[in-house]
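Close look at the chain arrangement
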Amino acid sequence: MAKTPVSPSTNDDAVPETPAVGKGRATPTRAEREAARRRPLVANTKEAKAAARAELNERRARAQAGMAAGDERYLPVRDKGPQRRWVRDYVDAGWHPAEFVMAVMVLVILASLAPANLAIAYWAYLVMMAYLLIAVGGMILLGLRVKRKAAAKFGKERMEKGLGWYAAMRALQMRFMRLPKPQVKRGQYPD
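Now for a description of the structure that goes with this document. (Residues numbered from 1 in each chain as written. Predicted model: local features only at pLDDT ≥ 70, side-chain atom pairs only at ≥ 80, totals over all residues. Heavy atoms only, no water.)

As for the overall build of the protein chain
We count it as follows: For helices the rule is a DSSP run of H or I covering at least 4 residues; for strands it is a run of E covering at least 2, with both sets numbered from the N terminus onward. The buried label applies to any residue whose accessible area, calculated with a 1.4 Å probe on protein chains only, is under 20% of its type's maximum; exposed applies above 50%, and partly exposed to all values in between. Here a residue-residue contact requires only that any non-hydrogen atoms of the pair lie within 4.5 Å. Accessible areas in this description were obtained via Shrake-Rupley with a 1.4 Å probe; residue shielding takes into account the shown protein chains only.
Each helix and strand counted, the protein chain has six helices and zero strands in total. Counting helices and strands in the order they occur from the N terminus, the protein chain gives α-α-α-α-α-α. Relative to its full complement of 191 residues, the protein chain shows a buried share of 26%. Restricting the contact set of the protein chain to residue pairs at least 6 apart, pairs at least 24 apart contribute 72%. When the accessible surface of the protein chain is split by element, carbon and sulfur atoms take 63% of a total near 14,800 Å².

Here you go:
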């Protein structure tokens with residue numbers, strides 16, 4: 001049996017509500033509405049720019065400090081990973097002739113500026129060329145040694161590519177200019 005819905009009770013004695021007359025203000029025109037919505041795409045207040053600049057500088061300083069300390073989160077892809085860290089520590093623990101190439105070149109430039117004495121400039125140039133050969137030979141030997149020891153430590157099949165080149169390029173930089181900064185003292189070779 002179907003039930004019919006109950007109709008709401010009607011109270012004829014209630015006072016009918018009077019409808020509100022309008023919203024109390026004129027309807028804004030389209031131009032007024034667009035003008036109210038219009039705002040700059042980028043906040044260009046001096047305070048906003050200064051705050052953004054300060055926040056960017058703080059982030060850069062934090063990233064620079066993290067990279068110098070060797071924190072993996074801030075290192076570039078080139079320097080990330082346990083094998084690269086091991087290579088950095090291995091290179092930083094030793095003395096390499098390639099570290100002093102820049103110093104030798106500066107001395108050769110100063111020697112070549114010696115007035116009226118071409119013999120000094122000639123011999124300085126020959127010494128620099130011989131030193132460059134020694135430095136390149138040291139870099140090649142270092143790269144081969146690093147590859148051999150990394151293969152023994154990490155396994156030949158799991159060894160990353162480019163470890164020898166990475167070691168040679170790090171050895172070419174003067175120790176105080178290397179980034180990430182050296183984490184070991186000279187003579188503290190990694191296991």
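Quick word on the pattern of salt bridges
Inclusion rule: Take a side-chain nitrogen of Lys or Arg and a carboxyl oxygen of Asp or Glu: if they are within 4 Å of each other, that pair is a salt bridge.
Inspection of every chain in the model, using the stated rule, returns 11 salt bridges. In this structure, R78 engages D79 in a salt bridge whose closest nitrogen and oxygen atoms are separated by 3.0 Å. Taken together, the salt bridges that share partners define one network made up of D92, E99, R170, R178 and R186.

Section: unusual backbone geometry
Between L179 and the following residue, P180, the backbone shows a cis peptide bond with an omega angle of -5°. Take P180: it is sitting in the segment after α6 (163-172).

What about the packing of aromatic side chains?
How we decide: The pairing test for Phe, Tyr and Trp rings, Trp by its six-membered ring, is centres within 6.5 Å, and the orientation test on the planes gives stacked under 30 degrees, edge-to-face over 60, and tilted for anything in between. Whether a charge lies above a ring is judged from NZ of Lys or CZ of Arg, which has to be within 6 Å of the ring centre and within 35 degrees of the ring normal.
If you walk through the whole model with that rule in mind, you get five aromatic pairs. With centroids separated by 5.4 Å and ring planes inclined at 25°, the aromatic side chains of W86 and Y90 adopt a geometry described as stacked. On the criterion of helical spacing, the pair formed by W86 and Y90 is a turn pair, its members being four residues apart in helix α3 (residues 82-93). Accessibility expressed as a relative area gives 6% for W86, which makes it buried. Arranged with centres 6.2 Å apart and planes meeting at 85°, the rings of W86 and F154 form a pair that is edge-to-face. In this pair, W86 is assigned in helix α3 and F154 in helix α5 (residues 118-154), connecting sequence segments 68 residues apart. Over the aromatic face of Y166 sits the side chain of R84, whose NZ or CZ is 4.9 Å from the ring centroid. The ring of W95 carries R186 above its face, with NZ or CZ at 3.7 Å from the centroid.

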